[in-house]
Amino acid sequence: DGSGVLGHRRPDGQIEYLESAVDVVPSHLLASPDAVWFVSETHLGRVSVDDNSMAVWPVPGAEQLTGIALAPDGSFWLTDGPADIVHHVTLVEQ
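Everything numeric here is computed off the predicted structure, so don't read it as measured data.

Calculation notes
Residues numbered from 1 in each chain as written. Predicted model: local features only at pLDDT ≥ 70, side-chain atom pairs only at ≥ 80, totals over all residues. Heavy atoms only, no water. Pairing = 2+ DSSP bridges. Helix = DSSP H or I, 4+ residues; strand = E, 2+ residues; numbered from the N terminus. Axes fitted to C-alpha atoms, helices over the stretch in contact; angles between N-to-C directions. Contact = heavy atoms within 4.5 Å.

A. How the structure looks around the sheet that holds strand S3 (residues 28-32). The antiparallel open sheet is built from four strands, whose spatial order is S3-S4-S5-S6. The sheet is open, and its two borders are formed by S3 and strand S6 (54-58), each paired with just one other strand. Mean inter-strand twist for the sheet, computed between neighbouring axes without regard to direction, equals 20°. Across six bridges, the pairing between strand S4 (residues 35-40) and strand S5 (residues 43-48) is antiparallel. Note that in S5 the partner of Val39 across the bridge is Leu44.

Structure below.
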């Protein structure tokens, strides 16, 4: 059914599919030097350009994320249309 799968075209033209533990339907993309970031309903996602691995994090309180911007400090600003709010998200590596 496509749930939790994100496809991308490799430089050689082949399509590669990446799997996620949660359903992902990317609606907005943001490129950074080391990754492609996306929002998917109530999650923030990342696809690494080094190894094509995908990670997805829930955004507490999100209803339907509709936009993404990268701040100079590496944090994210995410717009949430139905909730009429803006989320400020900082990811902390563990």
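Additional details are given in the paragraphs that follow.
B. How the structure looks around the pairing of strand S9 (residues 85-89). One ladder, built from five bridges, connects strand S8 (residues 76-80) with S9; its direction is antiparallel. From the neighbouring strand, Phe76 faces S9, where its bridge partner is Val89. Taking the residues that link successive antiparallel strands as the turn, the S8-S9 hairpin has four residues, and the phi of Asp84 there is positive, at about 55°.

C. Up close: the environment of Thr66. Structurally, Thr66 can be placed in strand S7 (residues 65-70). The spatial distance from the C-alpha of Thr66 to the C-alpha of Tyr17 is 23 Å, given a sequence separation of 49 residues. Residues within four places of Thr66 in sequence aside, it is in contact with His28, Thr79, Asp80 and Gly81.

D. Fine view of the sheet that holds S7. If you trace the three strands from one edge of the open sheet to the other, you get S7-S8-S9, paired in antiparallel fashion. Each edge of the open sheet carries a strand with a single partner, namely S7 and S9. The average undirected angle you get between the axes of adjacent strands in this sheet is 20°.

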